[in-house]
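# Structural description and commentary
Listed below, chain by chain, are the residues.
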Amino acid sequence: MSDSTNILDVRLYQKGKLLETGISIANGRIVKLGRESALPAAAETIRARGLLALPGLVDVHVHLRDLGLSYKEDYLSGTSAAAAGGFTTLIDMPNTNPVTDSLDRLREKMDLAKGKILVNVGFNLVPKSLDTIAETKDLAMGYKINLVKQWSDLPTDDTTLRALIERVASIGKITVFHAEEGSTVDELESRLKGSSSLKSYYKAHPPEAEDEAVARVLGCTHERRARIHFCHVSSTGSLRLIRKAKRQGRHVTCEVTPHHILLSEESSSRLGGISIMDPPLRRRQITGKLFAALKGRAADIVASDHAPHSLDEKTRPSWWNIPPGIPGLETTLPLLLTEVAKGTISLRRLVEALAERPSKIFNLNCGALDVGAVADVVLVDMKRRFKIDSSKFLSKAKYSPFDGRSVRGRVVKTFVRGRLVYDEGRIVGEPGTGSIVTPTTED
Ligand SMILES: [Zn+2]
């Protein structure tokens, strides 16, 4: 009874159904679901008065920064933002300073993160050589390759990519791609960089550069075991190629981001430098198709691509010098719950795309509210309407292209392994409450 909580009177979302029930948690796990009278006694009781209980969300594309980039975000501020946004498990990206390209670098990150994180965090790695893959197999969640900007010493020619994908597959892991063809973008940039118009930035990152990269990756290997995941898909051509690979029985998955489905190139002149992303926002006719792909499961999951920068960096005078990306952990869930309230996507599909599927794709043992499962739970008030206010973000990046947007669905409480870490706008958990997730973690 020492480490136990009963959360009473929730609308619980489980296996595609909404139940009115209560959750009993002991020692970090869900031990029973049921009405108050059916639950075992607990040290703590929370009356949720009809709040929606969701499995803690999973974001497989997060840049927590820290180390040499801690002015942009650190493990505590980034995981605080996650808890406030309903995310309890994150996968961090390796383009840090220094780059996470070896076993030592990965261990360094884990040691530093351990005492700071509020939610669970696993780490992707960008190998500096092919041998790094086997060396890091017990600690790295996945292997990330950026085709538009090389992050490590490992080249990204076809022969290397083939060997990389096959080696990653041989240890049962996943290769994760930022698919945009670097040579195409470089050539366009060198031609267009003289222009100061925002349109030129968009022209330098056309959807075709993404299609080209997706086609190249998929053509590199026909190894059936290979699991390949494409980040932030933003073109109809790449969706088509991914759909075809899936039909061939290949283990290919992809994500879309809230900004690629809810914003468009047309809104970028109003938004200015904040709207610089990579891949960039697309034209409205494409963004509608990306949203449809999410609904229809051609796009498997949603990831925030939380990529914080300082406001100074995002407001540099030249588009070409603005680092791409925005903070997304605190806006993803309310933006998408607003779509649920509008009836444009179902709650069932949303929970699948934000919890169940990312957990399965990355072999994480979370994403469902079942008896026996780890008690990562988020309580949401679907009745609460509010405006996105980036000045209140817990992320260090206090700006958003969604600022001022009216949304519905406020995260009220976030539990990580049964511990309350976020409560009504405040962080109440101790740094270090989250766990480092590794492929060998039992849960
Ligand atoms: Zn990213």
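Now for a quick tour of the structure. Predicted, not measured: the structure shown is a model, and the values here were computed from it.

## A word on unusual backbone geometry
The peptide bond linking asparagine 97 to proline 98 adopts the cis configuration, its omega dihedral lying at 0°. Residue placement: proline 98 occurs in the loop between strand E6 (87-92) and helix H2 (103-114). That bond from aspartate 278 to proline 279 is cis: its omega, -5°, falls within 30 degrees of zero. Here proline 279 is to be found in the loop between helix H10 (268-271) and helix H11 (284-296). In the Ramachandran plot, arginine 49 falls in the positive-phi region, its phi being about 45° despite a non-glycine side chain. Here arginine 49 shows up in strand E4 (residues 44-55). Since its relative accessible area comes to 67%, arginine 49 is described here as exposed.

## Quick word on a positive patch on the surface
The grouping of Arg240, Arg243, Lys244, Arg247 and Lys289 at the surface amounts to a positive patch. Here the positive patch gets four residues from one element, more than from any other, and that element is helix H8 (residues 236-247). Positionally, arginine 240 belongs in helix H8.

## Examining the coordination of the zinc ion
In this structure, His61 (NE2), His63 (NE2) and Asp305 (OD) serve as the protein donors to the zinc ion, at separations of 2.1 to 2.3 Å. Sequence spacing among the residues donating to the zinc ion works out to H-x1-H-x241-D. With histidine 63 in the loop between strand E5 (57-62) and helix H1 (75-84) and aspartate 305 in the loop between strand E12 (301-302) and helix H12 (311-314), this pair connects stretches of sequence that are 242 residues apart.

## Points about the pairing of strand E8 (residues 142-146)
Burial analysis of E8 places five of its five residues in the buried class, the great majority of the element. Side-chain alternation along E8 places Gly142, Lys144 and Asn146 on one buried face and Tyr143 and Ile145 on a second face that is also buried. Here strand E7 (residues 120-125) pairs with E8 via two bridges, running parallel. Residue pairing across strands places leucine 125 opposite tyrosine 143, the latter belonging to E8. Pairing geometry for E8 and strand E9 (residues 174-178), over five bridges, is parallel. Following the sheet pairing, glycine 142 is matched in E9 by isoleucine 174. Once the chain exits E8 it traverses helix H4 (residues 158-170) before rejoining the sheet at E9, and the crossover so formed is right-handed.

## Digging into the pattern of salt bridges
This structure, assessed with the given rule, holds 26 salt bridges. Lysine 15 is paired through a salt bridge with aspartate 370; the nearest N and O atoms lie 3.8 Å apart. In this pair, lysine 15 sits in the loop between strand E1 (4-14) and strand E2 (17-26) while aspartate 370 sits in the loop between helix H14 (347-361) and strand E13 (377-387), placing the two residues 355 residues apart along the sequence. For lysine 15, a relative accessible area of 63% puts it in the exposed group.

## Concerning the packing of aromatic side chains
Taken as a whole and assessed by the stated rule, the structure comprises four aromatic pairs. Ring centres of tyrosine 75 and phenylalanine 123 lie 6.3 Å apart, and the angle between their planes is 85°; on these two criteria the pair is classed as edge-to-face. Residue tyrosine 75 is located in helix H1, and its partner phenylalanine 123 is located in strand E7; the two are separated by 48 residues in the primary sequence. For tyrosine 75, a relative accessible area of 0% gives the class buried. A relative accessible area of 0% means that phenylalanine 123 is categorised as buried. Each ring, one from phenylalanine 177 and one from phenylalanine 230, has its centre 6.2 Å from the other, and the planes form 35°; the classification is tilted. Of this pair, phenylalanine 177 sits in strand E9 while phenylalanine 230 sits in strand E10 (residues 227-230), and the two are 53 residues apart along the sequence. Across the pair, phenylalanine 230 and phenylalanine 177 agree in class, each one buried. Among the aromatic residues, ring-to-ring pairing joins Tyr201, Tyr202 and Trp320 into one connected group.

## Quick look at the sheet that holds strand E3 (residues 29-34)
Strand order in the open sheet formed by eight strands is E3-E2-E1-E4-E13-E14-E15-E16, and the pairing between neighbours is mixed. Each of the sheet's edge strands pairs with one partner strand only, and the pair in question is E3 and strand E16 (426-427). Together, E4, E13 and strand E14 (406-416) form the strand contacts of helix H13 (residues 332-342), whose direction differs from that of E14 by roughly 125°. Against the sheet, H14 makes contact with E1 and E4, and its axis sits at roughly 95° relative to E4, the strand it touches most.

## Some points on the packing of H4 against helix H7 (residues 207-220)
The contact between H4 and H7 brings their axes to 9 Å, and the two run at 60°. Taken together, the axes of H4 and H7 lie oblique to each other. In the packing of H4 onto H7, the handedness of the crossing is right-handed. Between H4, through Asp158, Leu161, Arg162 and Ile165, and H7, the contact on the second element is made entirely by Arg216, Val217 and Cys220. Split by residue class, the contact of H4 with H7 holds four nonpolar, no polar and three charged.

## Things to note about the packing of H7 against H8
At a minimum axis separation of 8 Å, H7 and H8 run at an interaxial angle of 20°. In this view, H7 runs roughly parallel relative to H8, as classed from their interaxial angle. The residues of H8 that touch H7, namely those facing Glu210, Asp211, Val214, Ala215 and Leu218, are Gly237, Ser238, Leu241, Ile242 and Ala245. Classifying every residue of the contact of H7 with H8 gives six nonpolar, two polar and two charged.

## Observations regarding the state of the cysteines
Applying the stated criterion across every chain yields a total of zero disulfides. Cysteine cysteine 231 remains unbridged, with the sulfur of cysteine 254 as its closest cysteine sulfur at 10 Å. On the accessibility criterion, cysteine 231 (3% relative accessible area) is buried. Not engaged in a disulfide, the cysteine cysteine 366 finds its nearest cysteine sulfur in cysteine 231; these two sulfurs lie 18 Å apart.

So, how was this worked out
- Residues numbered from 1 in each chain as written.
- Predicted model: local features only at pLDDT ≥ 70, side-chain atom pairs only at ≥ 80, totals over all residues.
- Heavy atoms only, no water.
- Helix = DSSP H or I, 4+ residues; strand = E, 2+ residues; numbered from the N terminus.
- Buried < 20%, exposed > 50% of the residue type's maximum accessible area, 1.4 Å probe, protein only.
- Patch = residues over 30% accessible without salt bridge, like charges linked within 9 Å, V, L, I, M, F, W, Y side chains within 5 Å.
- Areas by Shrake-Rupley, 256 points an atom, 1.4 Å probe, with all protein chains shown as cover.
- Salt bridge = Lys/Arg side-chain N within 4 Å of Asp/Glu carboxyl O.
- Lys, Arg positive; Asp, Glu negative; His and termini not counted.
- Charge placed at Lys NZ, Arg CZ, Asp CG, Glu CD.
- Donors = N, O, S within 2.8 Å, 3.2 Å for Na, K, Ca; no water.
- Pairing = 2+ DSSP bridges.
- Right-handed = clockwise from strand over helix to strand, strands pointing away.
- Phe/Tyr/Trp six-rings, centres within 6.5 Å; stacked < 30°, edge-to-face > 60°.
- Contact = heavy atoms within 4.5 Å.
- Axes fitted to C-alpha atoms, helices over the stretch in contact; angles between N-to-C directions.
- Parallel < 35°, antiparallel > 145°, perpendicular 65-115°, else oblique.
- Left-handed = near helix turned anticlockwise from the far one by under 90°.
- Nonpolar A, V, L, I, M, F, W, Y, C, P; charged D, E, K, R; others polar.
- Disulfide = S-S within 2.5 Å.

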